[in-house]
Amino acid sequence: VFANALNSNTYDAKCLFGMSLQTEPIVAFTTCSPDCTIDSVADSLLRSLSRSAGIELSSGKKSTWSIKANAPIFEAGASEETTATTPTESASTVVEAINKIRQDSSLSNAPIALIIDEADIISENIRLGSFTRNIKEMIAAEGLAPVAFVLSGQKYLIPRLQEEHPSLPRSYELIWLP
């Protein structure tokens, strides 16, 4: 399902959403690394959602540029806010973006797939399970479905998610790949 979801054709999307689709799905994809933060995962999903939906979405972070001139040397640099947020705050940012997509009349019913690859290698203190659970609950509360979450990783991802919250594995359908 994971590889097929990236192609985002209607047949493959049926696997994710279990329904016949009238609209092409919006697919957001990110890959985790050991040094990922919950903010970087959320920002990457936002950038991918923005590209896939074709609308501008913002994380709300402020970027600043600095230019220093000390002839004959010029230095330039950019920086972003690096304030760490909680899984709930990062989830709210993603759900706000999904809400903005739903407000666009041409995308109001488009299925959305949020794919997080290599979810098993992200640091345990990042609380990825809380992040995904918060998004799922917020989407349900605001009526923003259909949205599918795909977490891909090694088999020890499940016990890790279960440590965060015992009910998390019941919230997902497990698909074992050979």
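Residues numbered from 1 in each chain as written. Predicted model: local features only at pLDDT ≥ 70, side-chain atom pairs only at ≥ 80, totals over all residues. Heavy atoms only, no water.

Scanning the protein from terminus to terminus reveals 6 helices and 5 strands. Helices (α) and strands (β) of the protein occur, in sequence order from the N terminus, as α-α-β-α-β-β-α-β-α-β-α. Within the protein, contacts between residues at least 6 apart in sequence are counted, and of these 66% link residues at least 24 apart. A total accessible area of about 10400 Å² is found for the protein, and carbon and sulfur atoms account for 51% of it. (Helix = DSSP H or I, 4+ residues; strand = E, 2+ residues; numbered from the N terminus. Contact = heavy atoms within 4.5 Å. Areas by Shrake-Rupley, 256 points an atom, 1.4 Å probe, with all protein chains shown as cover.)

With that settled, the discussion passes to the packing of helix α4 (residues 87-103) against helix α5 (residues 128-142). Running from amino to carboxyl end, α4 crosses α5 at an angle of 40°, the nearest separation of the two axes being 8 Å. In terms of their interaxial angle, α4 and α5 are classed as oblique. Considering only the axes of α4 and α5, their crossing is right-handed. Facing α4, whose interface residues are P87, T88, S90, A91, S92, V94, V95, I98 and N99, α5 presents S130, F131, N134, I135, M138, I139 and E142. Partitioning the contact of α4 with α5 into residue classes produces 9 nonpolar, 6 polar and 1 charged. (Axes fitted to C-alpha atoms, helices over the stretch in contact; angles between N-to-C directions. Parallel < 35°, antiparallel > 145°, perpendicular 65-115°, else oblique. Left-handed = near helix turned anticlockwise from the far one by under 90°. Nonpolar A, V, L, I, M, F, W, Y, C, P; charged D, E, K, R; others polar.)

A few words now on the nonpolar core. Grouped together as the largest cluster of nonpolar side chains are 39 residues, with contacts concentrated most on L49, I101, L114, I116, F131, I135 and L151. Contributions of two or more residues to this core are made by β1 (26-31), α3 (38-53), α4, β4 (112-117), α5, β5 (147-151) and α6 (157-164). The dominant element in this core, judged by the number of residues it contributes, is α3, at 7 residues. Once you skip the residues sitting within four places of it in the chain, I135 turns out to touch A91, V94, V95, L114 and F149. (Core = buried A, V, L, I, M, F, W, Y, C linked by side-chain atoms within 4.5 Å. Buried < 20%, exposed > 50% of the residue type's maximum accessible area, 1.4 Å probe, protein only.)

The next subject is α3. With 16 residues, α3 extends 22 Å between its outermost C-alpha atoms, agreeing within 8% with the 22 Å of an ideal straight helix rising 1.5 Å per residue. Counting buried positions along α3 gives 12 out of 16 residues, so the element sits mostly inside the fold. Among the residues of α3, I38, D39, V41, A42, D43, S44, L45, L46, S48, L49, S50 and A53 are the ones counted as buried. For α3, the elements touching its buried residues are β1, α4, β4 and α5. One or two steps after α3, the chain reaches G54, where phi turns positive at roughly 75°. (Expected span 1.5 Å × (residues − 1).)

Under the definition given, this model contains 1 salt bridge. Between R133 and E137 there is a salt bridge, with its nearest N and O atoms 3.1 Å apart. Here E137 and R133 lie together in helix α5, a separation of 4 residues that amounts to about one turn. The exposure class of R133 is partly exposed, given its relative accessible area of 21%. By relative accessible area, which is 40% here, E137 ends up partly exposed. (Salt bridge = Lys/Arg side-chain N within 4 Å of Asp/Glu carboxyl O.)

The subject of this paragraph is the sheet that holds β1. Ordered by their spatial adjacency, 3 strands build an open sheet running β1-β4-β5, and the pairing between neighbours is parallel. Strands at the two margins of the open sheet, each flanked by one partner only, are β1 and β5. Within the sheet, the average angular offset between the axes of one strand and its neighbour, ignoring direction, is 10°. Relative to β1, α3 is tilted by about 145°, and along the sheet it contacts β1 and β4. (Pairing = 2+ DSSP bridges.)

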